[in-house]
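Each chain, letter by letter, is given below.
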Amino acid sequence: MNKVFSLMISMLLVVSCSDRNRRVDSAKPHGSRSSEQLIRAEVARLLSELTLEEKISLLHANSKFSVAGVERLGIAEMRMSDGPHGVREEISRDSWESANWTTDFATYLPPLTATAASWDPEVARLHGGVLGAEARHREKDIILGPGVNLARLPTYGRNFEYLGEDPFLAAALVSPIVQAIQDNDVAACVKHYALNTQELERWTVDAKPDERTLREVYLPAFEAAVKEGGALSIMGGYNRVDGINANQNKMLVNDILKGEWGFDGVLLTDWHVDINTFDAAMNGLDVEMGTRVPTYGEYYFADALLEEVKQGNIAESVVDEKVRRILGLQLRIGMMDPARKTGERNTEKHHQIARKIIEQGIVLLQNKNQVLPLEKPRLKRVLVLGPNANLAHGRGGGSSQVKSSYEVTPLQGLRNALGEDVEIDYMRATGDTELKAIASDYISTRHGGSGTPAWQIHFFHDLEHSQYKSHNQWPSSHYRVEGEEKQHINFAATIVPLETGEHLLQLKAAGKVDFLVDGQSVIRFESESDVQRAIPLQLEAGKAYKFLLRYDGSQQFTLGWEAPGLKVASKEEYLAAAKTADAVIYFAGLNHDYDREGQDRSDMTLPGNQDEVIANLLGVNAKTIVFIVAGSAVEMPWAEAAPAIVWGWYGGMEAGNAYARMLLGELNPSGKMPITLPVKYEHTAPIALNDYNEVESRYKEGVFIGYRWFEKQYIQPIFPFGHGLSYTSFEISGLHVRQNVSPEKDVVSVTVMVKNTGDYRGAEVVQLYLGDAEASVERPAKELKGFKKIWLDPGEEKPVILNLSKRDLAFWDIKTKGWLVEPGVFNVFVGASVQDIRQQASFSYQP
Ligand code: BGC
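Nothing here was measured: the structure is a model prediction, and the numbers come from that model. (Residues numbered from 1 in each chain as written. Predicted model: local features only at pLDDT ≥ 70, side-chain atom pairs only at ≥ 80, totals over all residues. Heavy atoms only, no water.)

Regarding its fold elements, the protein chain presents 21 helices and 36 strands. Taking 2.2 N^0.38 as the reference for a compact globule, 847 residues should give roughly 29 Å; the C-alpha atoms of the protein chain span a radius of gyration of 27 Å, in line with that estimate. Expressed as lengths along the three principal axes of its C-alpha atoms, the size of the protein chain is roughly 80 × 75 × 50 Å. Considering the protein chain as a whole, with its 847 residues, one finds that 62% of them fall into the buried category. If you take every contact in the protein chain between residues at least 6 apart in sequence, the share linking residues at least 24 apart comes to 75%. One finds the centroid of the 90 positive side-chain charges in the protein chain at a distance of 3 Å from the centroid of its 113 negative side-chain charges. (Helix = DSSP H or I, 4+ residues; strand = E, 2+ residues; numbered from the N terminus. Rg over C-alpha atoms; globule rule 2.2 N^0.38 Å. Buried < 20%, exposed > 50% of the residue type's maximum accessible area, 1.4 Å probe, protein only. Contact = heavy atoms within 4.5 Å. Lys, Arg positive; Asp, Glu negative; His and termini not counted. Charge placed at Lys NZ, Arg CZ, Asp CG, Glu CD.)

Encoded structure:
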């Protein structure tokens with residue numbers, strides 16, 4: 001270590017030891033001046049010592065999740081990990097295979113939609129704190145999250161990873177997450193910038209919103225993450241924006257992110273994006289990750305970039321600017337500081353935080369005749385059914401999967417809470433003909449792009465399957481042939497059973513099929529229409545079996561099974577059990593075969609025969625509770641008849657315990673929907689406007705995302721945005737709107753009184769929606785512009801003050817290219833959801 005360098009390090013150390021908080025503050029770009037000065041000086045010194053080759057080595061991946069260091073200068077390898085709900089298991093350096101560590105368990109937090117449903121920035125802060133501390137403990141420098149793409153399309157596969165449909169809510173929650181991550185000496189990486197709102201052809205789809213829509217709807221959460229959260233890194237989206245890949249889009253990156261917002265951190269690509277060296281380098285991309293080429297030298301930002309600089313096509317200063325940002329990030333998170341925080345992981349404290357988050361996020365959607373909470377002393381026998389009753393979710397969904405040391409399923413949670421005295425009758429109700437696809441938990445073959453369980457598909461030219469054509473990967477064991485050229489298929493996966501015993505393997509197909517297990521043909525037939533066959537297989541837990549289906553035909557096939565432990569009850573059986581039960585709880589919903597990266601759902605219905613079973617149960621037991629576990633909207637044709645409906649999201653590793661506490665009244669639900677629940681898929685804007693396809697999204701609804709669209713079209717959803725009940729009741733009164741005289745920041749203050757008028761301690765989320773009554777452009781009737789979650793004892797009353805800034809009143813003016821507040825009348829709506837408005841007033845704004 002040379003003298004100047006060690007002097008710098010000791011100066012940094014003095015700062016960090018004597019004023020630890022200040023040094024941590026400097027993790028935010030707007031941190032204290034003195035440490036920022038030191039960082040700048042140290043960056044300049046390192047830059048002056050780096051060779052061009054070394055600089056370029058800092059700009060691209062050197063393994064699946066890291067970027068090289070420069071040992072001679074004390075620059076360490078920079079390590080990253082997914083993702084938003086917990087630190088992902090360790091992945092091999094050069095492949096997507098698990099590294100098979102036994103020491104990489106992490107806290108599985110409720111996915112971000114659940115955190116968003118808390119409507120509480122402090123809950124979001126808890127989420128970020130666990131992520132940061134655990135990432136640090138796993139010796140990571142950047143955690144790839146949070147994600148803030150908005151839920152525009154209810155069937156978008158990644159909705160569960162994000163913060164809902166509203167730009168204001170997402171913006172308010174992202175900053176505390178980012179700050180809490182970075183307080184642990186780890187950089188947050190906010191993703192996916194920007195407009196990554198569908199998985200269908202996510203690598204190429206072109207997002208083309210108009211300027212107002214981009215600014216008012218899809219950018220504010222990123223803007224808040226940068227300006228208020230101080231995010232040190234951002235991940236570019238896969239998609240194009242106005243024809244140009246998001247990572248090399250000048251308007252998005254150099255003009256807005258780094259220009260207007262002053263982002264001084266690092267923009268890194270998503271894993272394998274469609275860019276080119278010159279445009280990406282010139283338009284602001286800093287680091288390239290995940291490109292699918294045989295060697296790291298073949299990355300766009302590796303040998304090719306070096307060549308461009310040597311040829312004089314790209315100035316070295318362009319490279320220096322990227323290196324400056326990377327070194328700045330590294331110094332801000334203390335990568336060169338021996339006193340850097342070391343974090344903690346998988347602790348009881350973190351597990352309890354996971355529980356606390358989901359406890360605040362569970363939404364009670366409907367509770368007729370106070371069916372809930374269930375009174376434990378009155379329960380003797382509870383019937384528990386539904387595909388999610390005993391399903392764990394942490395290991396699914398794509399890159400956001402988490403390997404936790406345990407996960408409490410709903411059934412286990414009920415067993416823990418009800419103990420020995422209450423009989424729990426658990427069964428899986430199904431129709432006779434339904435095939436249960438082979439769940440992803442059994443599949444050990446991985447998707448090349450995301451590392452998630454996947455079937456491998458090889459296409460051939462010929463019936464003999466000897467002339468190879470191409471390869472693809474597929475998430476589920478149901479496959480429909482699309483395109484005449486794909487008729488000769490090998491569909492294969494390695495399957496590892498979870499329990500030893502008889503697995504009733506079923507195959508339904510139209511075409512010519514030969515199904516082989518470890519090379520032995522077990523089912524073979526040929527048919528022009530759908531035929532279903534089954535065969536019992538004795539399989540051992542933990543052993544790997546090679547499943548291969550050879551298919552020739554132009555239609556479809558489904559491989560399903562009944563694995564041990566999945567007892568299936570007939571309609572007569574489950575209805576007989578339901579009739580005499582003290583309560584019936586049906587855990588409905590989706591799982592990560594549906595809510596998942598890489599694929600959108602094809603519709604909004606509940607998979608399988610859930611709707612039918614729920615309707616049957618509602619017909620025989622008035623204490624039937626439908627409990628939905630899902631990360632995005634589903635249709636509920638039985639909603640009217642259901643006495644109680646609860647939305648539990650994916651709940652993290654403590655989900656079952658939290659659900660049981662809520663059902664039994666040990667905790668009072670306080671979550672609110674961060675998404676609209678439409679009656680029908682066709683009611684949603686992208687579908688109604690025919691704006692969902694493989695090629696481009698025009699965002700035809702403009703600024704009318706989510707509830708704004710439903711209000712504009714007068715379409716009634718089943719449950720509106722912001723809705724959520726409590727076991728107690730609240731009164732909101734005394735609305736008072738005051739305009740401030742010297743309004744530098746907040747121009748209007750809105751005050752209401754909130755009173756708990758029921759018998760339980762509980763929380764209301766007071767929501768403020770604003771409408772610009774006299775705008776010269778078309779604006780939504782109501783837009784969320786303020787909210788506050790407040791806990792009150794029975795009878796207690798407190799004021800809630802919500803302040804509106806100029807920006808809250810403004811729209812993006814395309815003429816002046818800036819935020820504009822027009823003088824005139826604004827309507828203020830305060831209530832408990834976008835539709836449950838309890839107080840209303842107007843004010844006239846004169847700037
Ligand atoms: C996902 C990212 C993720 C990355 C690394 C990509 O496929 O889109 O969200 O962070 O993989 O796993």
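The next subject is empty space enclosed by the protein. This model, assessed by the stated rule, comprises eight cavities of 30 Å³ or more. Volume-wise, the largest cavity comes out at about 150 Å³. Contributing to the lining of the largest cavity are 20 residues, with Ala151, Arg152, Pro154, Glu165 and Gly706 lying nearest its centre. Listing elements by their share of the lining of the largest cavity, those giving two or more residues are helix 19 (685-688) and helix 20 (707-713). Taken together, the residues that form the lining of the largest cavity break down as twelve nonpolar, five polar and three charged. (1 Å grid on protein atoms, 1.4 Å probe; cavity = no way out; pocket = protein on both sides within 12 Å on 5 of 7 lines; lining within 4 Å. Points joined across faces, edges and corners; volume = space filled by probe spheres on them. Nonpolar A, V, L, I, M, F, W, Y, C, P; charged D, E, K, R; others polar.)

Attention now moves to the packing of helix 7 (residues 167-182) against helix 9 (residues 220-227). Orientation of helix 7 relative to helix 9, taken along the N-to-C sense of each, is 25°, at an axis distance of 8 Å. Considered as vectors, helix 7 and helix 9 are oriented roughly parallel to each other. In the crossing of helix 7 with helix 9, the sense of the turn from one axis to the other is right-handed. Taking contact as the criterion, the partners of Pro167, Ala170, Ala171, Val174, Ser175 and Val178 in helix 7 are, on helix 9, Pro220, Ala221, Ala224 and Ala225. By residue class, the composition of the contact of helix 7 with helix 9 is nine nonpolar, one polar and no charged. (Axes fitted to C-alpha atoms, helices over the stretch in contact; angles between N-to-C directions. Parallel < 35°, antiparallel > 145°, perpendicular 65-115°, else oblique. Left-handed = near helix turned anticlockwise from the far one by under 90°.)

Here the focus is helix 14 (residues 348-361). Side chains of residues three or four places apart in an α-helix project in the same direction, reflecting 3.6 residues per turn. Taking 1.5 Å per residue as the helical rise, helix 14 with its 14 residues ought to reach 20 Å, and the 20 Å between its terminal C-alpha atoms agrees with that figure. Along helix 14, the positions that sit buried rather than exposed are His350, His351, Ile353, Ala354, Ile357, Ile358, Glu359, Gln360 and Gly361. As for helix 14, its buried residues are in contact with helix 5 (112-117), helix 6 (121-137), strand 11 (363-367), strand 26 (644-647), helix 18 (655-663) and strand 31 (783-792). (Expected span 1.5 Å × (residues − 1).)

This next bit is on the site of the ligand. What surrounds the ligand is a group of 15 residues, the closest being Asp82, Arg158, His192, Asp270 and Glu597. In this structure, an oxygen atom belonging to the ligand sits 3.0 Å away from a side-chain N or O atom of Lys191. In this structure, an oxygen atom belonging to the ligand sits 2.7 Å away from a side-chain N or O atom of Glu597. Relative to its free-state accessible area of 310 Å², the ligand is covered by the protein chains to the extent of 100%. The residue inventory of the shell around the ligand, partitioned by class, reads six nonpolar, two polar and seven charged. (Near = heavy atom within 4 Å. Polar contact = N/O pair within 3.5 Å; in protein donor to acceptor, adjacent residues only side chain to side chain. Areas by Shrake-Rupley, 256 points an atom, 1.4 Å probe, with all protein chains shown as cover.)

Before going further, it helps to examine the pairing of strand 13 (residues 423-426). Summarising the sheet, strand 12 (residues 381-385) and strand 13 pair through four bridges and their orientation is parallel. Its bridge partner lying in strand 13, Leu383 is registered against Asp425. (Pairing = 2+ DSSP bridges.)

Here the focus is the sheet that holds strand 35 (residues 824-831). Pairing within the open sheet is antiparallel, and its four strands lie in the order 31-30-35-36. Across the chains shown, the open sheet's two edge strands, defined by having one partner strand only, are strand 31 and strand 36 (837-845). Direction aside, neighbouring strands of the sheet carry axes that sit 20° apart on average. Two strands pair when backbone bridges link them, and strand 30 (residues 762-772) and strand 35 are joined in this way by six bridges, in the antiparallel orientation. Following the sheet pairing, Gly771 is matched in strand 35 by Asn827.

Taken in spatial order, the six strands of this open sheet run 11-26-25-24-12-13, and their pairing is mixed. This sheet does not close on itself; its edge strands, each paired only once, are strand 11 and strand 13. Across the sheet, the axes of successive neighbouring strands diverge by a mean angle of 20°, strand direction being ignored. The sheet contact formed by strand 11 and strand 26 spans four bridges and is antiparallel. Residue pairing in the sheet places Leu364 in a bridge with Val646 of strand 26.

Taking 1.5 Å of rise per residue, 17 residues should cover 24 Å, and helix 13 (residues 316-332) covers 24 Å from first to last C-alpha, within 8% of that figure. The buried fraction of helix 13 amounts to twelve of the 17 residues, a majority that puts the element mostly inside the structure. Where helix 13 is concerned, the buried positions are Val318, Val319, Lys322, Val323, Arg325, Ile326, Leu327, Gly328, Leu329, Gln330, Leu331 and Arg332. With its phi angle positive at about 75°, Gly334 sits one or two positions after the end of helix 13.

A full pass over the atoms with the stated rule returns 29 aromatic pairs. On the numbers, 5.5 Å between centres and 15° between planes, the contact of Phe826 with Phe843 is stacked. Separated by 17 residues along the polypeptide, Phe826 in strand 35 and Phe843 in strand 36 bring together distant segments of the chain. On the basis of relative accessibility, which here comes to 0%, the residue Phe826 falls in the buried class. The class for Phe843 is buried, based on a relative accessible area of 5%. An aromatic cluster is present here, built from Trp119, Phe168, Tyr707, Phe721, Tyr769 and Phe787 joined pairwise through their rings. The residue whose ring lies beneath Arg202 is Trp203, and the NZ or CZ to ring-centre distance is 4.7 Å. (Phe/Tyr/Trp six-rings, centres within 6.5 Å; stacked < 30°, edge-to-face > 60°. Lys NZ or Arg CZ within 6 Å of the ring centre and 35° of its normal.)

In this structure, Met636 and Trp647 are the most contacted members of the largest nonpolar core, which totals 205 residues. Residue contributions to this core peak at eight residues, all from helix 7. Those residues in contact with Met636, other than ones at most four positions away along the chain, are Leu365, Ile628, Ile645, Trp647, Leu677, Ile718 and Phe719. Among the nonpolar cores identified, the runner-up in size contains 30 residues, and Trp455, Ile457, Leu505 and Tyr545 belong to it. (Core = buried A, V, L, I, M, F, W, Y, C linked by side-chain atoms within 4.5 Å.)

Within the structure shown, the criterion is met by 56 salt bridges. For Arg138, the salt bridge goes to Glu90, with nearest N and O atoms at 2.7 Å. Here Glu90 lies in the loop between strand 3 (78-82) and helix 5 and Arg138 lies in the loop between helix 6 and strand 4 (142-144), a separation of 48 residues in the sequence. The buried category is assigned to Arg138, whose relative accessible area is 7%. Glu90 sits in the buried class, given a relative accessible area of 15%. If you follow the salt bridges from partner to partner, you end up with Glu36, Arg40, Asp264, Glu321, Arg324, Arg325 and Arg332 in one network. (Salt bridge = Lys/Arg side-chain N within 4 Å of Asp/Glu carboxyl O.)

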